[in-house]
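If you want the building blocks of each chain, they are given just below.
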Amino acid sequence: MYRPAGDDADPTPAPARRSSRVRRIIAGAAGATIAVASLMLTSAVPAQAATTVRTYAPTGVGGGTTTSPDQASTKYQVQVAGTPVQAVRYTANRNNFDIARFASDSRTPTITVTLPSTTIDTVNVYPARYYPPGSVSVSTDKHTLTFQMSADAGLNQAIVMVNGDSTSVTGQPYLAVINDPLEDPAQRPNTTSASDGSGVNLQTGVLNFQQFAAKYLAAHPNSTAQQPPAAKTSSMAGKTVNGTAIPAGQKSSAGTLVSASSTNVRYPNVRMMAADDVTYALKAAIDTIKANPTALNTLYFPNGTYVWSGLMVNGVDGSKLKGGKLKIYTDDGALLKNRIQGYMEAFEPAVGIINSNNIEIDGRGVYDGNGVANYRSDSHDAYRSQHQGGVMVMHSSDITFNETYLRDSKQWNWETHTAKRVTFNNIKGLTPYPQPWIDGTDFASGQDITANGVFTLGNDDAFASGHYNPSDGFTPTAAGVWGNFQLGTSTPDVQGYANAVGAHDAVADELGFDSYHWDNADSKNISVKDTLSWSSGAGNSIRIGWSSWGYKLNNYTFDNFNSISQGAGGIFTQNSPKPYPRISSIVIKNSSFDTSRYGSGPIRLNGGDGSTQTITADDQATYGFAPNPDGSGATYTYTKTPISTFNLDNVWFSEQKPNSSPLNGTTNVTLNNLRVGGQLVQYSSQFPLAPSGIGSVTSTFTGANGQTQNVKAGALTNGDTWVGAWTGDQTKNNSSDLTLITRNTGVGLMGEQYTTGSGDGKISYIQFPLNSLTRAPSQATLHLTYVGHRYSSVPSTDTDQLLVQPVTDTTCTGGGTSCPVNTMTWQNRPSFTATNSSVAKSATFNLGSTVVAEGSGNHQGNPVDGRDITVDITSFVQNAYTAGQSTLLLAVGNAGGTNHELRFVSSEGATGSGKLTNATADMAPGLTVTP
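Residues numbered from 1 in each chain as written. Predicted model: local features only at pLDDT ≥ 70, side-chain atom pairs only at ≥ 80, totals over all residues. Heavy atoms only, no water.

### Things to note about the overall build of the chain
Within the chain, the secondary structure is distributed over nine helices and 59 strands. By principal-axis analysis of the C-alpha atoms, the chain measures approximately 105 × 70 × 45 Å. With 931 residues in all, the chain has 58% of them scored as buried. In the chain, once contacts between residues fewer than 6 apart in sequence are set aside, the share between residues at least 24 apart is 78%. (Helix = DSSP H or I, 4+ residues; strand = E, 2+ residues; numbered from the N terminus. Buried < 20%, exposed > 50% of the residue type's maximum accessible area, 1.4 Å probe, protein only. Contact = heavy atoms within 4.5 Å.)

### Some points on the environment of S685
Tracing the backbone shows S685 in the loop between β44 (679–680) and β45 (689–702). S685 sits in the buried class, given a relative accessible area of 6%. On a C-alpha basis, the gap between S685 and Q656 in space is 9.4 Å, while along the polypeptide they are 29 residues apart. At a separation of 3.3 Å, a polar atom in the side chain of S685 contacts the main-chain amide nitrogen of L716. (Polar contact = N/O pair within 3.5 Å; in protein donor to acceptor, adjacent residues only side chain to side chain.)

### Some remarks on the side chain of D594
Relative to the helices and strands, D594 is located in the loop between β37 (585–593) and β38 (603–606). Within the buried core, D594 has no salt-bridge partner, and the shortest N-O distance to an opposite charge, that of R597, equals 7.5 Å. There is a polar contact of 3.0 Å between the side chain of D594 and the side chain of S596. (Lys, Arg positive; Asp, Glu negative; His and termini not counted. Salt bridge = Lys/Arg side-chain N within 4 Å of Asp/Glu carboxyl O.)

### Re the packing of helix α1 (residues 209–219) against helix α3 (residues 279–291)
Running from N to C, α1 and α3 cross one another at 115°; their axes reach a closest spacing of 9 Å. Pair α1 / α3 crosses with right-handed handedness. The segment α1 lies against α3, with F209, F212, A213 and Y216 engaging Y280, A281, L282, A284, A285 and T288. (Axes fitted to C-alpha atoms, helices over the stretch in contact; angles between N-to-C directions. Left-handed = near helix turned anticlockwise from the far one by under 90°.)

### Observations concerning the sheet that holds strand β11 (residues 144–148)
Strand order in the open sheet formed by five strands is β5-β4-β8-β11-β10, with antiparallel pairing between adjacent strands. Here the strands that pair on one side only, and so sit at the sheet edges, are β5 (83–85) and β10 (136–138). The average undirected angle you get between the axes of adjacent strands in this sheet is 25°. Looking at chain direction, β10 and β11 are connected through three bridges and run antiparallel. Looking at β11, one finds that V136 is bridged to F147. (Pairing = 2+ DSSP bridges.)

### Some thoughts on helix α6 (residues 494–511)
The terminal C-alpha atoms of α6, which comprises 18 residues, lie 26 Å apart, in line with the 26 Å expected from a rise of 1.5 Å per residue. Trailing α6 by a residue or two, G512 shows a phi angle of about 95°, which is positive. (Expected span 1.5 Å × (residues − 1).)

### Remarks on the state of the cysteines
Counted according to the given criterion, the structure contains one disulfide. Across a sulfur-sulfur distance of 2.3 Å, C812 and C819 are joined as a disulfide pair. When the S-S torsion is -85°, as for the bridge of C812 with C819, the disulfide is left-handed. You'll find C812 and C819 in the same group, each marked buried. (Disulfide = S-S within 2.5 Å.)

### With respect to the pairing of strand β23 (residues 326–330)
Extensive coverage of β23 is indicated by the burial of four of its five residues. Summarising the sheet, strand β20 (residues 298–301) and β23 pair through four bridges and their orientation is parallel. Residue pairing in the sheet places Y300 in a bridge with Y329 of β23. Here β23 runs beside strand β26 (residues 357–363); their pairing, made up of five bridges, is parallel. Paired with T330 across the strands is G363, a residue of β26.

### As for the packing of aromatic side chains
With the rule as written, the count across this model stands at 32 aromatic pairs. The interplanar angle of 45° and the centroid separation of 6.0 Å between the aromatic rings of F209 and Y306 together place this pair among those described as tilted. In this pair, F209 is assigned in helix α1 and Y306 in strand β21 (residues 304–308), connecting sequence segments 97 residues apart. Ring centres of F209 and W308 lie 6.3 Å apart, and the angle between their planes is 45°; this geometry places the pair in the tilted category. With F209 in helix α1 and W308 in strand β21, this pair connects stretches of sequence that are 99 residues apart. Its relative accessible area of 0% is what places F209 among the buried residues. Exposure remark for W308: the relative accessible area of 0% places this residue in the buried category. (Phe/Tyr/Trp six-rings, centres within 6.5 Å; stacked < 30°, edge-to-face > 60°.)

### Some words on the sheet that holds strand β57 (residues 887–894)
Read across the open sheet, the five strands follow the order β48-β50-β57-β53-β54; overall the sheet is antiparallel. Both outer strands of the open sheet, β48 (719–724) and β54 (840–841), are each paired with one neighbouring strand and no more. Those strands touched by helix α8 (residues 874–882) are β53 (802–807), β54 and β57, and its axis lies near 155° from that of β57.

### Re the environment of S684
Within the fold, S684 resides in the loop between β44 and β45. In this structure the C-alpha to C-alpha distance between S684 and S772, which are 88 residues apart in sequence, comes to 6.5 Å. Not counting residues within four places of it along the chain, the set of residues in contact with S684 comprises V711, K712, A713, G714 and S772.

### Comments concerning the pairing of strand β12 (residues 157–162)
Counted residue by residue, β12 has six buried out of six residues, so it is predominantly covered. Of the two faces of β12, the one holding Q157, I159 and M161 and the one holding A158, V160 and V162 are both buried throughout. Pairing of strand β9 (residues 123–126) with β12, which is carried by four bridges, proceeds in the antiparallel orientation. Residue V125 lies in a different strand from β12, and its bridge partner there is V160.

### Notes on the confidence of the model for the chain
Taken over all residues, the pLDDT of the chain has a mean of 92, while the share at 70 or more is 94%. Contacts from residues 1–47, a stretch scored under 50 in pLDDT, to residues over four places away or in other chains number 148 contacts. (pLDDT = per-residue confidence, 0-100.)

### Examining unusual backbone geometry
Put simply, Y126 and P127 share a cis peptide bond, and its omega is 5°. Assignment of secondary structure puts P127 in the loop between β9 and β10. Across the junction of Y267 and P268, the peptide omega takes the value 10°, indicating a cis bond. Relative to the helices and strands, P268 resides in the loop between β18 (257–258) and β19 (270–271). In this structure, N370 is a non-glycine residue whose phi angle is positive, near 55°. Among the secondary structure elements, N370 is positioned in the loop between β27 (366–368) and α4 (371–377). The class for N370 is buried, based on a relative accessible area of 11%. Positive phi, normally seen in glycine, also occurs at H467, with a value near 40°. Since its relative accessible area comes to 12%, H467 is described here as buried.

Given below as structure tokens:
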């Protein structure tokens, strides 16, 4: 016989579980894509093997609810491997995203998206690293796009942006595609209903909450059970706050139940609960499971809608239950939605695992924090209310989330506070709204935290760690709190202050710890893998170290971490404003960062400088700062040590920002195989750094020969072209050609003075950035890779040499003032006069036997001679640096000879899908320097 937490009620039959398993053999799979502003039109795609696609039940339908609150997308019609999948509009605060969610047995299914009312001009699929131009196909009528989810991405999600990109943060709306793995049948409990209709099946160990709650509310209606808070002596009574004495007997006011539709409700007033609010029923259900530990271990939510104060699990030791853990399972049609919280200072996250251990949360239901509505109902400044996230694991250990779906969080999507051994598997936190404090994942005071598969839409940091005790703005001694009630002035609102303190204390009593002690341990061993995050606002891609209250932050590993649309910056470590955190190791590998909205360089490292940090006794006793290691509580100091290890390996950045990345206070920095704008970083200018107080920086790449090489000090060209004097060439811009060409007409030292006639002169122009230079170099060398020459009649033993002169694109032929590389032609090019004293010359080289005949286009398949032709241009670079130039533009010609027309590898010829077949990335024009 089980011991119930409440009286019995009439049984409620369990609803039939909706199941849909469809196998489709499709005749279309994505073979190719469209990205940025380039469309590939196609009407057919290659065949693909059969894919099993499972669509999800309508959210919230069941248990007496017949209509889902979800709205179908008005923009997108989605098919997955031929199976229609509903796209849902997320419109709580703007409509930045529509979501198409399904499960399948393939990580690379074909996705077909039709936009009946939208003409597709451009498409971008993210992460862009894995969906380059050519990976999306578009129908000839420009209303349907098709792509195959990337195997290389290793993700269950992709973001599709039609007629926009990641810089357009307000959405069009955009489409998020979520491809869950098929559910493991072992995760689903035995849902056989109890024979007595109570919802409590002692044979299967499962408590059916839908049945249980119906009986509980019938016996204990909320209208009778809910009582307002009673007046209570304030914890600040008899103390002086900012010069205002709080009377010794000061109490909070007695509370009143107010209408549920009331706004700006402040403690002790409380909104009246709806009749179907299952908050009290949840507590009774958990108490029933705890009261029957040898028989019960599963809390089960069938399809249907549940309105409450969130899934609060407080004080549950799952190890004492049958099987050693508490399991919570939601059917995929279950909607667990937060009410408008009782009052503005209340603490009601969508999921709160507090003071508990050995808990596993499974199932494909939806946890809805109702965050936007809660923000709109009450003021939400930090000094007026508790911090309140979506899923919060606090003072708990051995917790696992499998496939958990959270949406519309009030603040951070997912967070930990003093949590150990927590595992997140394929979790979602979808709050794509411009409201404050919507981080993706925020792991503070977490130890041995593993996240395998994370998809978040938010408004702030994609990942953060640090920010200990984030509710410290709402504490009795916080200046914002007592200042809000004018303490210290001639007209203090003591009663208002006492009520606010009462609100704080009510939550502290519920949790068992106050706001200064949410986090009271070091953070360490945090592993984040296979993630995709988007932000509608500011925030960083990875932020570690903010306000960590003197605790250590040790050993962070990110693998396949993908961040898009962050508005502040990339990888950021902070050592302020609260005590320096002593960060140790940060390793990021196989990851991608969309840098298009960054306001700074991709990296901002701020490590310790060896000075000391002081933590006072009052910091420890009152404010929850890291305690004295000797346990005395006395004031102590520690050294602000540098970050021990910072390692980037195979990390991709969409573009380099104009400014350098500052590296401060780090012992060992290792950068290997970085890519910027699709190019492997071989020169320091491609990823400029500004090191200070660094022990060592090692920057390497894997060359075409498979050998590891050091990144060369210098620059890769950021623009190159050739211009031709021949009648048919004079108006052409050739900046996308795969080769650079030189040919001297003999009119001028480099042929630069030729104007009219039948001459076939050619001059190349190459531009280099200088922003990576921190001083004028002692040596600078131009490198060009020789392809070959034009005429087979020219002997291979003929010799020539390159001539190079610095020029400006603001003094142009014909009197123009603008002739940049990307528009330059013979008729509008830099105007200059070459002399023997103004040019730099290469060593003489023979033309060799590699012939590249005219008329073969960009000569993609031709052999490449491969010789590195170098020119000492030290004085040119020194002069440009001294003059404060950000770039150096060079004119390149050859000294000449009968029918000497020479070709060299251009930047486009060295990299990309259309490069020269026989060229490698290290053949691009480059500038090396010696400090």
